[in-house]
Amino acid sequence: MAAEWEQTSVHLKEDPVLRSWATEAGQDPETTAVDLAHAIRFGRAQSALEAVAAGGVGLTADHARALHFANEMAELRHYEPLIAVDAGLPVLAPGVREVIGSFDSLLLWDDQPPWKL
């Protein structure tokens, strides 16, 4: 297959445009909430996101691993990372807290522990 690409001189470059949680929540709140819930469950990242929301206090290597996997799933669905850095400290990315707040009304987090943000 690679030989075919070289012979035809076709070069493809994908520049993924990652979507903002805040923007997507305003445009399609239900799909965004489902995508975020899936990413968090995939990474088992609830406690890690709660630690970030608390200012990064108590973040562990296990939290970092969970955030890594949650971010990987988010990126597969073309979303920005779940966390950002503000003044050198980890914070929830814009829109993430609000989307998490919608989980209960959309019945996306019934079988999970309640959020402590």
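These remarks concern the structure in this document. This is a predicted model, so every value here is computed, not measured.

Let's talk about the side chain of Thr32
- If you trace the backbone, Thr32 turns up in helix α3 (residues 29-43).
- Within the local environment of Thr32, its side chain forms a polar contact with the backbone oxygen of Asp28, the two atoms lying 2.8 Å apart.
- Ignoring any residue separated from it by four or fewer positions in sequence, one finds Thr32 in contact with Trp21, Glu24, Ala25, Tyr79 and Val99.

Let's talk about the environment of Gly26
- Note on placement: Gly26 falls in helix α2 (residues 21-27).
- The sequence separation of Gly26 and Gly95 amounts to 69 residues, and the corresponding C-alpha distance is 9.1 Å.

Focus: the packing of aromatic side chains
- This model, assessed by the stated rule, comprises four aromatic pairs.
- Cluster of aromatic residues (ring-pair linked, three or more members): Phe103, Trp109 and Trp115.
- It is Arg19 that lies over the ring of Tyr79; its NZ or CZ is 4.2 Å from the centre.
- Stacked on the ring of Trp109, the Lys or Arg Arg41 has its end atom at 4.9 Å from the ring centre.

Some words on helix α4 (residues 46-53)
- Across the eight residues of α4, six count as buried, placing the element largely inside the fold.
- Among the residues of α4, Gln46, Ala48, Leu49, Glu50, Ala51 and Val52 are the ones counted as buried.
- Buried residues along α4 sit against α3, α5 (61-76), β1 (83-86), β2 (89-92) and α6 (96-101).
- Where α4 ends, the next residue or the one after it, Gly55, has phi of about 95°, a positive value.

Digging into α5
- Across its 16 residues, α5 extends 23 Å between first and last C-alpha, which sits within 8% of the 22 Å expected from 1.5 Å per residue.
- The set of residues buried in α5 consists of His63, Ala66, Leu67, Ala70, Asn71, Met73 and Ala74. Seen along its axis, α5 keeps its buried residues to an arc of 160°; they face one direction. Relative to its buried face, α5 has exposed residues pointing more than 90 degrees away, namely Ala61 and Leu76.
- The elements touched by buried residues of α5 are α2, α3, α4 and β1.
- The distance from a side-chain oxygen at the start of α5 to the backbone nitrogen of Asp62 is 3.3 Å, and the residue carrying that oxygen is Thr60.
- Immediately downstream of α5, the backbone of His78 shows phi near 65°, a positive value.

Calculation notes
- Residues numbered from 1 in each chain as written.
- Predicted model: local features only at pLDDT ≥ 70, side-chain atom pairs only at ≥ 80, totals over all residues.
- Heavy atoms only, no water.
- Helix = DSSP H or I, 4+ residues; strand = E, 2+ residues; numbered from the N terminus.
- Polar contact = N/O pair within 3.5 Å; in protein donor to acceptor, adjacent residues only side chain to side chain.
- Contact = heavy atoms within 4.5 Å.
- Phe/Tyr/Trp six-rings, centres within 6.5 Å; stacked < 30°, edge-to-face > 60°.
- Lys NZ or Arg CZ within 6 Å of the ring centre and 35° of its normal.
- Buried < 20%, exposed > 50% of the residue type's maximum accessible area, 1.4 Å probe, protein only.
- Expected span 1.5 Å × (residues − 1).
- Arc of directions from axis to C-beta.

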